[in-house]
Amino acid sequence: FLPLLNSAWGVLDLPIVRQGSHLVSYAKGLRYQKHFECAGIKCHMYASRPPPTDGGKETEGAPPWGSRVLFYVHGGAFVASLHAADMFALTKWARETNCVIIFPEYGLAPESPFPIGLNQLVDVWEAVCNGLVAQVSSMDALGAGSPNYSTKPTTMTLVGESAGGNLAAALAVKLITLKLRKPD
């Protein structure tokens, strides 16, 4: 079953397909795309506008950059990442909510059995709550002292779909159990 699933979804994870989905997303309004590592896993940061530089003027009526974060847990039956397929929804959410979207690529089965992926998500969540968005986007150096960005998010939204919805629910429970910041 696993080989069949990987062959069916594998094409969506090819580098050329991912790159193409990022280009299409940029054309549709996803103006900030940053790829980085956190807690030993690949993560992605997306937003409809780039962070302000040198305290630059923000978009009229928009919240401070980085103050709202949408933490997205991808689906894929715990064995695949459908990153390219997720880009349409992520672009729409970034444009419509003015959130910075964090997309961690947690460890997948069978190489990373449960609860490895969940623990990675906890680590990334905690890093985001402690200012990862500002650190990764270099806003501390570029926009220090500006009211137009936030070093720590004021709103953290947790979203997951399919298997990611299952992990998002488990993440919420684990955050409560560990007495860490809960989703808003």
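Residues numbered from 1 in each chain as written. Predicted model: local features only at pLDDT ≥ 70, side-chain atom pairs only at ≥ 80, totals over all residues. Heavy atoms only, no water.

*Asks:* How should the overall build of the protein be read in this particular structure?
*Replies:* Scanning the protein for helices and strands turns up seven helices and five strands. For the protein, buried positions account for 47% of its 184 residues. Here the contacts in the protein between residues at least 6 apart in sequence split such that 71% fall between residues at least 24 apart. If you sum the accessible surface of the protein, you get close to 8,900 Å²; carbon and sulfur atoms cover 59% of it. (Helix = DSSP H or I, 4+ residues; strand = E, 2+ residues; numbered from the N terminus. Buried < 20%, exposed > 50% of the residue type's maximum accessible area, 1.4 Å probe, protein only. Contact = heavy atoms within 4.5 Å. Areas by Shrake-Rupley, 256 points an atom, 1.4 Å probe, with all protein chains shown as cover.)

*Asks:* Would you take a moment to explain the pairing of strand β1 (residues 32-38) for this structure?
*Replies:* Side-chain direction in a regular strand flips from residue to residue, so the side chains alternate between the two faces of the sheet. In the sheet, β1 pairs with strand β2 (residues 41-47) via seven bridges, with the strands oriented antiparallel. Along β2, the bridge assignment pairs C38 with I41. Where β1 folds back on β2, the antiparallel hairpin that results is connected by two residues, among which A39 adopts a positive phi of roughly 55 degrees. (Pairing = 2+ DSSP bridges.)

*Asks:* I'm lost on the pattern of salt bridges in this one. Help?
*Replies:* A side chain with one charge can pair with a side chain of the opposite charge if their charged atoms come near. Taken as a whole, this structure holds two salt bridges when the rule is applied. The salt bridge involving E96 is made with K92; its shortest N-O contact spans 2.9 Å. Highlighted residues: E96 and K92, both in helix α3 (residues 83-97), separated by four residues, approximately one helical turn. The partly exposed category is assigned to K92, whose relative accessible area is 34%. As a salt-bridge pair, R181 and D184 come within 3.0 Å of each other at their nearest N and O atoms. (Salt bridge = Lys/Arg side-chain N within 4 Å of Asp/Glu carboxyl O.)

*Asks:* Hey, could you run me through the environment of F114 in this one?
*Replies:* Looking at the secondary structure, you find F114 in the loop between β4 (100-104) and α4 (116-129). On the accessibility criterion, F114 (63% relative accessible area) is exposed. Spatially, the C-alpha atom of F114 lies 9.2 Å from that of F78, the residues being 36 residues apart in sequence.

*Asks:* Please clarify how the packing of aromatic side chains should be interpreted in this entry.
*Replies:* Remark: the centre distance and the inter-plane angle together describe each pair of aromatic rings, the angle taken between the planes. Counted under the stated rule, the structure contains three aromatic pairs. Their ring planes at 70 degrees and their centres at 5.2 Å tell us that F71 and W125 sit as a pair that is edge-to-face. Highlighted residues: F71 in strand β3 (residues 68-73) and W125 in helix α4, separated in sequence by 54 residues. An identical accessibility class is assigned to F71 and W125; each is buried. In textbook terms, an aromatic cluster arises when at least three aromatic residues are bridged by ring pairs, as seen for Y72, W93 and F103. (Phe/Tyr/Trp six-rings, centres within 6.5 Å; stacked < 30°, edge-to-face > 60°.)

*Asks:* It is not clear to me how the side chain of E105 should be interpreted in this structure. Could you clarify?
*Replies:* In this fold, E105 is placed in the loop between β4 and α4. A residue is classified by how much of its surface remains accessible, and E105, at 13% relative accessible area, is buried. Within the local environment of E105, its side chain forms a polar contact with the side chain of H44, the two groups lying 2.5 Å apart. (Polar contact = N/O pair within 3.5 Å; in protein donor to acceptor, adjacent residues only side chain to side chain.)

*Asks:* Mind showing me how you'd approach the sheet that holds β1 here?
*Replies:* Think of a sheet as strands paired side by side through backbone hydrogen bonds, with each pair either parallel or antiparallel. An order of β1-β2-β4-β3-β5 is seen for the five strands of this open sheet, with the pairing classed as mixed. The outermost strands of the open sheet, each flanked by one partner alone, are β1 and β5 (155-160). Direction aside, the axes of adjacent strands within the sheet are offset by 20 degrees on average. Where β3 and β4 come together, three bridges link them in parallel fashion. (Axes fitted to C-alpha atoms, helices over the stretch in contact; angles between N-to-C directions.)

*Asks:* What's the story with α4 in this structure? I'm lost.
*Replies:* Residues that lie three or four places apart on an α-helix share one face, since the helix turns once every 3.6 residues. If you check α4, its first and last C-alpha atoms are 20 Å apart, about what 14 residues at 1.5 Å a residue would give, namely 20 Å. Looking only at α4, the buried set comprises G117, L118, Q120, L121, V122, V124, W125, V128 and C129. Positive phi appears at G131, one or two residues downstream of α4, with a value of about 105 degrees. (Expected span 1.5 Å × (residues − 1).)

*Asks:* What is the right way to look at the nonpolar core in this model?
*Replies:* Here is a general trend for soluble globular proteins: nonpolar side chains tend to be buried in one another's company. Membership of the largest hydrophobic core comes to 31 residues, with the highest contact counts inside it found for M45, F71, I102, V128 and L171. When residues of this core are traced back to their parent elements, those giving at least two are β1, β2, β3, β4, α4, α5 (132-136), β5 and α7 (163-177). Looking at this core, the element that brings in the most residues is α4, giving seven residues. Leave out the neighbours within four places in its chain, and V128 touches V69, F71, I102, V133, P153 and M156. Counting 10 residues, the second-largest nonpolar core is a separate cluster that includes Y72, M87, I101 and F103. (Core = buried A, V, L, I, M, F, W, Y, C linked by side-chain atoms within 4.5 Å.)

Purely spatial values, then, with no claim about function.
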